[in-house]
Amino acid sequence: MNFIRIQFFILLLSATLIQPSFSQGEWVDPKPLDSEELKGKIEHDIVVAQDGTGHFKTIGEALDAIRVYLPKPLTVYIRPGIYKEKLVIHGPVTNVNFVGENPENTIITYDDFAAKDNMGTFETYTLKVLGNSLTFKNLTIQNRAGQVGQAVALHAEGDRLVFENCRFLGNQDTMFASGENARQLYKNCYIEGTVDFIFGSATAVFENCEIHAKSNSYITAASTPAWVDYGYVFKNCRITSAADISKVYLGRPWRDFAKTVFINTEMPESILPEGWHNWGREHAEKTVFYAEYGSYGPGSTKEGRAEWTFQLSEDQLLQYRNDLIFSGSNHDADYYGNRWFGYAKDSSFNLEGAWKKDVKNFPQIKPVYATRNVDVLELRNQVYKSLGDRKLQMDVFAPKSMESLSPGIVMVHGGGWKSGEKELQVPMAMALAGRGFVTAVVEYRLSPEAQYPAGIHDVKEAIRWLKVHANEFGLDSNKVAISGSSAGGQIAALVGLTKSFEYEGESALEASSKVQAIIDMDGVLAFHHPESAEGQVASEWLGGTYEQKPEVWAYASPLYLKHPEYVPMLFINSQFPRFHAGRDELIEKLNVAGVYSEVHTFSESPHPFWFYEPWFQPTVDLMEEFLSKILNY
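Because the structure is a prediction, the values reported are computed rather than measured. (Residues numbered from 1 in each chain as written. Predicted model: local features only at pLDDT ≥ 70, side-chain atom pairs only at ≥ 80, totals over all residues. Heavy atoms only, no water.)

## A closer look at the overall build of the protein chain
Logical step 1: Regarding its fold elements, the protein chain presents 14 helices and 35 strands.
Logical step 2: In terms of overall size, the protein chain behaves like a compact globule, its C-alpha atoms giving a radius of gyration of 28 Å where 633 residues would be expected to give roughly 26 Å.
Logical step 3: Seen along its three principal axes, the alpha-carbon backbone of the protein chain occupies a region of about 85 × 60 × 45 Å.
Logical step 4: Here the protein chain holds 633 residues, and the buried ones make up 56% of them.
Logical step 5: For the protein chain, the share of sequence-separated contacts (at least 6 apart) that also reach a separation of at least 24 residues comes to 72%.
Logical step 6: When the accessible area of the protein chain is evaluated, it comes to approximately 26800 Å², of which 51% is carbon and sulfur surface.
Logical step 7: Positive and negative side-chain charges in the protein chain, numbering 58 and 79 respectively, have mean positions lying 1 Å apart. (Helix = DSSP H or I, 4+ residues; strand = E, 2+ residues; numbered from the N terminus. Rg over C-alpha atoms; globule rule 2.2 N^0.38 Å. Buried < 20%, exposed > 50% of the residue type's maximum accessible area, 1.4 Å probe, protein only. Contact = heavy atoms within 4.5 Å. Areas by Shrake-Rupley, 256 points an atom, 1.4 Å probe, with all protein chains shown as cover. Lys, Arg positive; Asp, Glu negative; His and termini not counted. Charge placed at Lys NZ, Arg CZ, Asp CG, Glu CD.)

Spelled out as structure tokens, the structure:
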């Protein structure tokens, strides 16, 4: 067994050191295809190249070939070139990523304008996007008609659209970001124009963008519907202007309920002191919402701003998180269950921060750090699940010398379902591996990235993956337990007690997620319960408050499962009842079912007691004793 584990480690190290390098689209067979013959049939990735080295020479041909309402996402790789095409991405085209090499050399351009054949503004687009759940990266979208009046480069009315590292070039009406229920994200983009060059009704966030004014005029002209909470929101952007420009307004209302907010935006001297314009309609001053927060630079003066506009307070700023801006009745998850607009990692829960807080009330505590054990094999960052470009990983620790297969423990970290990382469980995982267990600490998707039940599906897939690879780690796949701390304890209990599809999720692995035992360290068993104090943090994970989604709060509570698969459980708790809400009732159900359970409480201990001595070693002892008994180890 020792030989097998060492050989696998050598193989893994070799695979890590010798990684193939791919450029854009190399892994896609680039032989030319017939767009007419394959119209509406293609479901695989596509390469577009003007020189004939891709599947198609034009983007339009690729669009014609894509199957509508794709069963899974695909990517259209657009190789460098100037593509003079007038393109429409129709509503049934969804879940497609359009990726160029970089915006400097991958350009989509056309030259229509409103006065040309009397076509009107909304037919002047270079690219019209009506489909939903689409992303665009490393592209330039250009209308090169010149100074001839309205001439749209991008006409976007789809929902869940993401534009990243793109350039939008034009003059008047460069970007029509619209759609009454449309939500759009523009990230690290460059947008230029003359008059009203960002206009429309969408709820759109512009992050880290450069907004370049080419004339003395107006940047935005929002037409936000009255019933929409947010319109255009600019975050951490930079406004620039041409050298001879001196009179630029942040916006004027195309319609009476326009909403536009600039947050932490650099403003040049060309921004007029009043900042905003009412478009000659005084009554609109009472209905629009124009606001700023943290503007800086020579054009950011507050004193001269139009008196009917606002400066956001600190409390108001909290309402401008992307998850709140983009919330609504429409779906906010992509094909993989992730938030379509991305997320910012929350690192608020960590060992150092927890210790600084807890040492005030428990001065004797000593944080426990991972230490290497020469008798333990460490296999870090094993990818167990791929979600497009997102790779979920686990760290596996296995005893090097065992005469027989070892029992396993899948370990789930805490952090309020929104923070934390797998490394928090490593000290305990290494300690248990030193006692003969194969341990795996698991990364899973937290609420900023994907809401419930994504994390449950992830942990179940981790169990299946570990079992599929059992021989590589010397694992006895018939003796696997799951443990978790705090939020991880709740997840461990829910994962261990369920087997129906809504909890399992989809998987191509031929292994069961069933475990033989559960260890819950201060994880709640019921979200809505007299002892529970769960509120905002739980609602962020569960997709709403209890009043909004009572059924989800129940489904996610191990106590309230309709068809539980009971297995032996060990409860290790701190002194705080709120962290084991529902435990006693669950134990009663286990007793009725004739299923073994144990409870151990550390009196006068902090909530994350497992981080510190004097509780770390006793916790490891309790886990080993319980699992030895249950797994006959």
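## Side note on the packing of helix α7 (residues 454-468) against helix α9 (residues 487-497)
Logical step 1: Where α7 contacts α9, the axes come no closer than 10 Å and their chain directions differ by 65 degrees. Taken as a pair, α7 and α9 cross one another with a handedness that is right-handed. On the side of α7, the interface is formed by I456, V459, K460 and I463, while α9 contributes I491, L494 and V495.
Logical step 2: Among the residues forming the contact of α7 with α9, the class breakdown is six nonpolar, no polar and one charged. (Axes fitted to C-alpha atoms, helices over the stretch in contact; angles between N-to-C directions. Left-handed = near helix turned anticlockwise from the far one by under 90°. Nonpolar A, V, L, I, M, F, W, Y, C, P; charged D, E, K, R; others polar.)

## Regarding the pairing of strand β31 (residues 475-485)
Logical step 1: Buried residues dominate β31, accounting for eight of its eleven residues.
Logical step 2: Pairing of strand β29 (residues 406-412) with β31 involves six bridges; the strand directions are parallel. When the bridges of β31 are listed, S406 appears paired with L475.
Logical step 3: In the sheet, β31 pairs with strand β32 (residues 517-521) via five bridges, with the strands oriented parallel. Note that in β32 the partner of I482 across the bridge is I518. (Pairing = 2+ DSSP bridges.)

## As for the pairing of strand β24 (residues 289-293)
Remark: a regular strand shows side chains that alternate across the two faces of the sheet.
Logical step 1: Burial analysis of β24 places four of its five residues in the buried class, the great majority of the element.
Logical step 2: Inspection of the sheet shows strand β23 (residues 259-263) paired to β24 by five bridges, in the parallel sense. For T260, the partnering residue across the bridge sits in β24 and is Y290.
Logical step 3: When β24 meets strand β25 (residues 310-311), the two strands line up parallel, connected through two bridges. The residue of β25 that forms the bridge with E292 is Q311.

## Describing the state of the cysteines
Logical step 1: For the coordinates displayed, the defined rule picks out zero disulfides.
Logical step 2: No disulfide involves C189; its sulfur sits 4.7 Å from the nearest other cysteine sulfur, which is in C209.
Logical step 3: Look at C189 and you get buried, because its relative accessible area is 4%.
Logical step 4: Judged by its relative accessible area of 2%, C209 is buried. (Disulfide = S-S within 2.5 Å.)

## Some thoughts on the sheet that holds strand β16 (residues 198-200)
Logical step 1: In spatial order, the strands read β4-β7-β10-β13-β16-β19-β22; together these seven strands make up an open sheet with parallel pairing. Here the strands that pair on one side only, and so sit at the sheet edges, are β4 (87-89) and β22 (249-251). Within this sheet the neighbouring strands show an average axis-to-axis angle of 15 degrees, counted without direction.
Logical step 2: For strand β19 (residues 218-222) and β22, the ladder comprises two bridges, and the chain directions are parallel.

## So, α7
Logical step 1: In this model α7 runs 21 Å from its N-terminal to its C-terminal C-alpha over 15 residues, within 8% of the 21 Å that 1.5 Å per residue would give.
Logical step 2: In terms of residue burial, α7 counts as a mostly covered element, since 14 of its 15 residues are buried. (Expected span 1.5 Å × (residues − 1).)

## Quick word on the nonpolar core
Logical step 1: By size, the foremost hydrophobic cluster in this structure holds 64 residues, and its most contacted members are V76, F136, L154, F168, Y186, I198 and F206.
Logical step 2: It is helix α2 (residues 59-65) that contributes the most residues to this core, four residues altogether.
Logical step 3: Counting 57 residues, the second largest nonpolar core, distinct from the first, contains L379, Y384, V459 and V480. (Core = buried A, V, L, I, M, F, W, Y, C linked by side-chain atoms within 4.5 Å.)

## As for the environment of P564
Logical step 1: In this fold, P564 is placed in the loop between α12 (550-555) and β33 (569-573).
Logical step 2: The class of P564 is partly exposed, set by a relative accessible area of 21%.
Logical step 3: Here the alpha-carbon distance between P564 and F197, two residues 367 residues apart in the chain, equals 57 Å.

## A short note on a negative patch on the surface
Logical step 1: Residues D34, E36, E37 and D64 make up a contiguous surface patch of negative charge.
Logical step 2: Following the sequence through the fold, E36 ends up in the loop between α1 (2-17) and β1 (46-48).
Logical step 3: Its relative accessible area of 57% is what places E36 among the exposed residues. (Patch = residues over 30% accessible without salt bridge, like charges linked within 9 Å, V, L, I, M, F, W, Y side chains within 5 Å. Salt bridge = Lys/Arg side-chain N within 4 Å of Asp/Glu carboxyl O.)

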